[in-house]
Amino acid sequence: MLRGRPSAGQWPAGFVPVDETCPPPGPTVDELALGRLTLLGHARPLGHPDPLSHTDPPDPVRDVDDDPARWDWEQAGAPLLWRYHLHYWDWAWALTPGGDRERALFARLYLGWRAAVTVGHPVAWSPYVASLRAWTLCALGPTLARDTPARDVLRADLGVHRSFLRIHLETDVGGNHLLKNHKALIALAVAADDPSGLRHWVDQLVRETRRQVLGDGGHYERSPSYHCQVLADLDDVAGLLAAGGWAVPIELLDAITRMRAWLGAVLGPDGTVPLLNDGFPVRPDLLRRLLPSVPAQPPPPGPEVNPPAGVTSPAGVTSPAGVTSPAGAHGRTGVPAATGAGGPGRAGGLLLADSGLAALTAGSWHLLADVGLPCPDDLPAHAHADTLGFLLWLDGRPLLVDVGTSTYAPGQRRDAERGSAAHNTVTVDGADSTEVWGAFRAGRRARPTLVTMRHRDEVATLTAGHDGYRHLPGRPIHWRTWRLDADGLTVSDRISGGGRHRLAVLFHFAPGVTLAAARRPGPGGPPEPAALDVTTPTGRCLLLRAGGPGRWHVRTTRRATGWERTVAAPTAEFRLDAELPVELHATLTARAPSHSSDRPPGPSRAASPLDAPRLPAAPPPLDASHPLDAPRRADADPSH
């Protein structure tokens, strides 16, 4: 392996990778010259002593020492994810376009790194990390190593990377990791001018894409953030092949097209990628690269969807009235086939059945619900216990959000951010609907069943259930119906089963929203039981009401805004102890002066049976057997 054949390191002229147009946030040239590196928004010194003590203008010849011992490439005190990013080397995009100063700085940094980091280092040579570094070195090496002492070392190292990755494919992990391995090997084959190797790894990538890209265009790890990462990888490979004059497989182009359509379909009305399951905010410049054109017109409203009994649900469980979207079907706009989309003043719904996501729209409200599997059977790394959770926007701004992901380090915060209580769903006895544990593990999973999705001109409804609490006494089953119209949202929960249980219905509000005990209209009005006043950052006044024997508890919790970054926001939790079965209702509507507290929670107007389907009185039987799944995987995932 160490005698890997040196690579010519030459890529096709004119190829522009995603990282060149959307370089990852990182250091500036001056910071690098001073021996300081900013990754994931956190800066750390690389040099010994700290070169920031210099007061003169930075000079790469003076400030970057040739002695590797004066540079800390180990960074043992840094969080593991920061160390992974250090060895990605994608921060080196800050050195392009490379003039004499940038090339000299790259050469000194790379030669110092190469002398300090041995092949097989457990962090730097993790296959995922080596894959990202190989792509970066192929892209940057010919430019930045030209006319420098690093040129021959870099060419030899590309051969070593190629030999290493061929025998260290992450088939035990799979998912986006394995696609990264294939992408790197394709890049290395191009750089080595190896047509045979190129054909082999393109075939492997297509085969894996066929498995990982679902029929509706979603990535099977069910994280919109990782979906964007995989789409960028496939787009890079297609662009590299096209620039070199090689044939781009039709299956690869089809997967890219379907993934773009899926991404456009799940975007929030504020143009952001929803943070479901693991993930971090996707930068606007990257999103613009991935979605160069978003359909100007939504698909025309479709007919009401309610197929005959026996249609398979996303989990493979047969329900009385299942709903699916035709796998891979697309309209002329490029958006996956929908059950209908609302125009002005209308309600609509969009179902991505393979991914298990459903969008409802009505008036100025937009809702995205998770009614699918928490993760693939063989890859639970990025799963959250969020079944039947949802996100809500009002007037194009987020109103109800997930807590999000601020860390991958194992511990209490990681457990809390993955747990059911961090999502807008129902918890039973404080348990998680999917058993998430470790940093990247999941055992017993919730198995969802989709029952109905319907819409008429003014009302959209969705009903689904899951059996994630079947292990508890009385075998509780959770059913939920969302009903959305121009007046607001009604969420109806039915928890079937038996025995007495502690129940909690959670609503996590976006930062800037304020909550207060509601009072009846009029000066000095008395408190309104089981109701909260909600005020949005724009000054909209809403009323959150619940029906049932419990009461609201308001607390301040944290929302992830990036790696190791959180902000405070309010959470409303409706708690009760009850004998099962029990039905609960919560409404979130505009606070009108004529509001009457005597009106029971429920639909805001008389609804026909088609508008508001009743929760199933007798849910379909669900098989209790489900094997625990704990694939062999280190509890430190370098992906981001």
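First things first, this report covers the structure right here in the doc. Along each chain, residues carry numbers from 1 onward, in the same order as the chain's sequence is written. Predicted model: local features are reported for residues with pLDDT of at least 70 only, side-chain atom pairs are reported and counted for 80 or more only, and whole-chain, interface and lining totals are derived from all residues. Excluded from the side-chain calculations are hydrogens and water; all other atoms, namely the structure's heavy atoms, are used.

Side note on the overall build of the chain
Each helix and strand in the chain was counted, giving 13 helices and 21 strands. Across the 640 residues of the chain, 57% fall into the buried class. In the chain, of all internal contacts separated by at least 6 residues, the share reaching a separation of at least 24 is 69%. All accessible areas in this document rest on Shrake-Rupley with a 1.4 Å probe, and a residue is counted as covered only by the protein chains that are shown. Within the structure as shown, the chain displays about 24500 Å² of accessible surface, and the carbon and sulfur contribution to it stands at 55%. Helix and strand assignments come from DSSP, with helices taken as H or I runs of at least 4 residues and strands as E runs of at least 2, each series counted from the N terminus. For the exposure calls, accessible area comes from a 1.4 Å probe over protein chains only, and a residue counts as buried if that area is under 20% of its type's maximum, exposed if over 50%, partly exposed in between. Residue contacts are defined here by distance: any two heavy atoms, one from each residue, within 4.5 Å place the two residues in contact.

Things to note about the sheet that holds strand 6 (residues 390-394)
A sheet is described by the order of its strands in space; here five strands give the open sequence 3-4-5-6-7, paired in antiparallel fashion. One side of each edge strand has no neighbouring strand; the edge strands of this open sheet are strand 3 (347-352) and strand 7 (397-400). With strand direction ignored, the average angle separating the axes of adjacent strands in the sheet is 20 degrees. Only strands joined by at least two bridges in the DSSP assignment are considered to pair. Where strand 4 (residues 357-362) and strand 5 (residues 365-370) come together, six bridges link them in antiparallel fashion. Residue pairing in the sheet places Ala358 in a bridge with Ala369 of strand 5. Across the face of the sheet, helix 11 (residues 250-266) comes into contact with strand 3, strand 4 and strand 5 while running at roughly 140 degrees to strand 3. Lines fitted to C-alpha atoms define the axes, with helix axes restricted to the stretch in contact, and inter-axis angles between N-to-C directions lie between 0 and 180 degrees.

Regarding helix 9 (residues 195-212)
Given a rise of 1.5 Å per residue, 18 residues ought to cover 26 Å, and the 25 Å separating the end C-alpha atoms of helix 9 matches this to within 8%. All of the buried residues in helix 9 are Gly197, Leu198, Trp201, Val202, Gln204, Leu205, Val206, Glu208, Thr209 and Gln212. Residues of helix 9 that are buried make contact with helix 7 (150-166), helix 8 (175-191), helix 10 (224-243) and helix 11. Here a helix's expected span is defined as the number of its residues, less one, multiplied by 1.5 Å.

Section: the packing of aromatic side chains
Geometry of aromatic contacts follows a simple scheme: Phe, Tyr and Trp rings, the Trp one being its six-membered ring, pair when their centres are within 6.5 Å, and the pair is stacked under 30 degrees between planes, edge-to-face over 60, tilted otherwise. Per the counting criterion, the structure on display carries 19 aromatic pairs. Their ring planes at 70 degrees and their centres at 4.9 Å tell us that Trp125 and Phe164 sit as a pair that is edge-to-face. Of this pair, Trp125 sits in the loop between helix 5 (100-116) and helix 6 (127-144) while Phe164 is found in helix 7, placing the two residues 39 residues apart along the sequence. Among the aromatic residues, ring-to-ring pairing joins Trp73, Trp89, Trp91, Phe106, Tyr110 and Trp113 into one connected group. Working rule: Lys NZ or Arg CZ, within 6 Å of ring centre, within 35 degrees of ring normal, means a charge sits over the ring. Lying over the aromatic face of Trp125, Arg133 brings its terminal NZ or CZ to 4.8 Å of the ring centre.

Some details on the pairing of strand 17 (residues 527-535)
Sheet analysis places strand 16 (residues 514-519) next to strand 17, joined by five bridges and oriented antiparallel. When the bridges of strand 17 are listed, Leu515 appears paired with Val534. Linking strand 17 to strand 18 (residues 541-547), which pair antiparallel, is a turn of five residues; within it Gly539 sits at a positive phi near 95 degrees.

Considering the sheet that holds strand 19 (residues 551-562)
Pairing in this open sheet of four strands is antiparallel, and the strands run 8-15-20-19 from one edge to the other. Strands with a single pairing partner mark the edges of an open sheet, and in this sheet they are strand 8 (426-428) and strand 19. Looking at each pair of strands side by side, their axes are set apart by 30 degrees on average, direction ignored. Pairing analysis gives nine bridges linking strand 15 (residues 500-508) to strand 20 (residues 565-579), with the strands arranged antiparallel. In the sheet register, Leu503 faces strand 20, and the bridge partner there is Leu576.

Thoughts on empty space enclosed by the protein
The method works on a 1 Å grid over the protein atoms by themselves. A cavity is a set of points holding a 1.4 Å probe that cannot get out, a pocket is an open set with protein on both sides within 12 Å along at least five of seven lines, and residues with an atom within 4 Å of a point line them. Grid points are joined across faces, edges and corners, and a volume is the space filled by probe spheres set on the points. Under the criterion given, the structure shown has seven cavities of 30 Å³ or more. In this structure, the largest cavity spans a volume of roughly 80 Å³. Lining the largest cavity, in full, are Arg222, Pro224, Trp262, Leu276, Asn277, Ser355, Leu357, Asp370, Leu373 and Pro374. The class makeup of the residues in the lining of the largest cavity is six nonpolar, two polar and two charged. Residues are grouped as follows: nonpolar covers Ala, Val, Leu, Ile, Met, Phe, Trp, Tyr, Cys and Pro; charged covers Asp, Glu, Lys and Arg; every other residue, Gly included, is treated as polar.

A word on the pattern of salt bridges
By convention in these notes, a salt bridge is any Lys or Arg side-chain nitrogen within 4 Å of a carboxyl oxygen on Asp or Glu. The final tally for this structure, using the stated rule, is 30 salt bridges. Salt-bridge contacts for Arg101 lead to Asp30; the nearest nitrogen and oxygen are separated by 2.9 Å. Note that Arg101 is positioned in helix 5 and Asp30 in helix 2 (residues 29-33), a separation of 71 residues in sequence. For Asp30, a relative accessible area of 40% gives the class partly exposed. A single salt-bridge network, built from bridges that share partners, covers Lys180, Lys183, Asp233 and Asp236.

Quick notes on the pairing of strand 15
Summarising burial for strand 15: seven of the nine residues are buried, a large majority. Here three bridges tie strand 8 to strand 15, and the two strands are oriented antiparallel to one another. Bridging from a neighbouring strand, Thr427 pairs with Ala504 of strand 15.

Comments concerning the packing of helix 8 against helix 9
Contact geometry of helix 8 with helix 9 gives a least axis separation of 9 Å together with a crossing angle of 160 degrees. In terms of axis orientation, helix 8 runs roughly antiparallel to helix 9. Crossing handedness for the pair helix 8 and helix 9: left-handed. Contacts from Gly175, Asn176, Leu178, Leu179, His182, Leu185, Ile186, Ala189 and Val190 of helix 8 reach helix 9 at Gly197, Leu198, Trp201, Val202, Gln204, Leu205, Glu208, Thr209 and Gln212. Among the residues making up the contact of helix 8 with helix 9, the classes are represented as 10 nonpolar, seven polar and one charged. By the definition adopted for this analysis, an angle is roughly parallel if under 35 degrees, roughly antiparallel if over 145, roughly perpendicular if from 65 to 115, and oblique otherwise. By the definition used in this description, the sense in which the near helix is turned from the far one sets the handedness, with an anticlockwise turn below a right angle giving left-handed and a clockwise turn giving right-handed.

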